[in-house]
Protein chains: 2
Amino acid sequence: MKRRNTPTKEAVLNILTESGKAMSQDAIERKIAIDINRATIYRVLNRFCDDGVLHKVVAEDGKQYFALCNGCDETHQKHQHFHFKCKVCETIECLPSEVNFSIPEGYLVENVNCVLTGVCDTCS
Amino acid sequence: MKRRNTPTKEAVLNILTESGKAMSQDAIERKIAIDINRATIYRVLNRFCDDGVLHKVVAEDGKQYFALCNGCDETHQKHQHFHFKCKVCETIECLPSEVNFSIPEGYLVENVNCVLTGVCDTCS
DNA sequence: TTATAAAGGCGACATCGTCGCATTACTTAG
DNA sequence: CTAAGTAATGCGACGATGTCGCCTTTATAA
Ligand SMILES: [Mn+2]
Ligand SMILES: [Mn+2]
Ligand SMILES: [Zn+2]
Ligand SMILES: [Zn+2]
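Structure report, in brief. Everything quoted here is computed from the prediction, not taken from an experiment.

### Thoughts on the interface of chain A and chain B
The interface of chain A with chain B comprises 34 residues on the first partner and 34 residues on the second. Between chain A and chain B, roughly 2,700 Å² of surface is buried when both sides are summed, and carbon and sulfur atoms account for 55% of that area. Our count for the chain A to chain B interface comes out at 18 residue pairs in polar contact (both at pLDDT 80 or more). Every element with two or more residues in the side of chain A that touches chain B is listed here: β3 (81-86), β4 (92-98) and β5 (108-119) of chain A. With twelve residues, the single largest contributor to the side of chain A that touches chain B is β5(A).

Structure, rendered in structure tokens:
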């Protein structure tokens, strides 16, 4: 299963790089120049997640948002940082703040999904 | 808008009290004795959330889970504790571990949604 | 250039949560 | 106790989301 380079991959990655935020499929589709099928965008995004290029966040709206892995922990496959979703501008960004928690004996944590919702600095 | 006492309300609250976990609409519908419409269950749950009886958690599957407010923040605005979802038994529970974070200047946090996913002690 | 298989387009599907509207039933005033 | 007022419910429908199957297209290497 070797990856191939396609215009779609490149376009999606460019959008996410330029924005610097976590974006949903529909936001990417709206922002992207070329016309890409919805299912294809999801497949591209999920492939990037599998390859450790992106990571996925599920917000309170139940939607999936995808962001570049900048300094994410690759060895543990965890992205243990907080995310912030502004309810005004609707953008989601990765916060530098790390997630720290304690769990009961015998529990095994495999993934972390932490989203704070509110108003960002530019919107307040 | 005064609340009324109905068999539906009571049944839903009983289910959630007995389980002691956070439950989704479909799980409640499956567990409940009487037959209640899907939309009605959601309306009951959302009303309970408005009244501060329940709180809502969105898991990585994008679904909403509802749990009793036991010792939640008295303002009923924030429920700043972690939640754990076992990928084996699919149950979600409220953890005692509080959510602590630092946020950039000018940001205002209004809600917290933190879900850890993995395997619980009974399933491991 | 050609064979191989990864990637994309398209349609379909299941799920989830909400809404509008007509009906039911809880509450309370009388 | 009865009846009016209105909260709550049932039902159908809807839009949004994410995935899958199948066939076609295309990137890549032999
Ligand atoms: Mn992130
Ligand atoms: Mn909780
Ligand atoms: Zn904002
Ligand atoms: Zn379990």
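Having seen it, we continue.
### Focus on the protein's contact with DNA strand C
Not every one of the 26 residues close to DNA strand C is listed here, only the nearest: A:R4, A:T8, B:R38, B:Y42 and B:Q64. Within the side chain of B:N46, one N or O atom sits 3.3 Å away from a phosphate oxygen of DNA strand C. Where the surface near DNA strand C is concerned, the elements lending two or more residues are α3 (38-50) of chain A together with α3 (38-50) of chain B. Looking at which element gives the most residues to the surface near DNA strand C, the answer is α3(A), with six residues.

### Considerations on the coordination of the zinc ion (ligand 3)
Residues and elements named next belong to chain A. Coordination of the zinc ion (ligand 3) by the protein is provided by C86 (SG), C89 (SG), C120 (SG) and C123 (SG), with metal-donor distances spanning 2.2 to 2.5 Å. Every donor counted, the four donor atoms about the zinc ion (ligand 3) form angles of 101 to 120 degrees at the centre, which fits tetrahedral coordination. Judged by relative accessible area, which is 1%, C86 ranks as buried. Residue classification places C89 among the partly exposed residues on the basis of a relative accessible area of 31%.

### Some words on the coordination of the manganese ion (ligand 2)
The reference angle at a metal is 109.5 degrees if four donors form a tetrahedron and 90 or 180 degrees if six donors form an octahedron. Residue and element names in this part refer to chain B. On the protein side, the manganese ion (ligand 2) has H55 (NE2), H81 (NE2), H83 (NE2) and C94 (SG) as donor atoms, found 2.0 to 2.3 Å from it. Positions of the donor residues of the manganese ion (ligand 2) along the chain correspond to the pattern H-x25-H-x1-H-x10-C. The exposure class of H81 is buried, given its relative accessible area of 11%.

### What about the pattern of salt bridges?
Residues and elements named next belong to chain A. Enumeration according to the criterion identifies ten salt bridges over all chains in this entry. Residue R30 pairs with D26 through a salt bridge whose shortest N-O separation is 2.7 Å. Here D26 and R30 lie together in helix α2 (residues 25-31), a separation of four residues that amounts to about one turn.

### Comments concerning the protein's contact with DNA strand D
Near DNA strand D lie 25 residues; those nearest to it are A:R38, A:Y42, A:Q64, B:R4 and B:T8. Atoms of DNA strand D within 4 Å of the protein: sugar and phosphate make up 58%, bases the balance. In this structure, a base oxygen belonging to DNA strand D sits 3.3 Å away from a side-chain N or O atom of A:R43. Between DNA strand D and the protein, one listed contact pairs a phosphate oxygen with a backbone N or O atom of A:Q64 at 2.6 Å. At the level of elements, α3 of chain A together with α3 of chain B are the ones that each hand at least two residues to the surface near DNA strand D. Counting residues per element, the surface near DNA strand D draws most heavily on α3(B), at six residues. Tallied by class, residues from the surface near DNA strand D come to six nonpolar, eight polar and eleven charged.

Analysis parameters
- Residues numbered from 1 in each chain as written.
- Chains lettered and ligands numbered in written order.
- Predicted model: local features only at pLDDT ≥ 70, side-chain atom pairs only at ≥ 80, totals over all residues.
- Heavy atoms only, no water.
- Contact = heavy atoms within 4.5 Å.
- Buried area = accessible area lost by both parts, 1.4 Å probe.
- Polar contact = N/O pair within 3.5 Å; in protein donor to acceptor, adjacent residues only side chain to side chain.
- Helix = DSSP H or I, 4+ residues; strand = E, 2+ residues; numbered from the N terminus.
- Near = heavy atom within 4 Å.
- Donors = N, O, S within 2.8 Å, 3.2 Å for Na, K, Ca; no water.
- Tetrahedral: all angles 85-135°; square planar, octahedral: opposite > 155°, others 65-115°.
- Buried < 20%, exposed > 50% of the residue type's maximum accessible area, 1.4 Å probe, protein only.
- Salt bridge = Lys/Arg side-chain N within 4 Å of Asp/Glu carboxyl O.
- Nonpolar A, V, L, I, M, F, W, Y, C, P; charged D, E, K, R; others polar.

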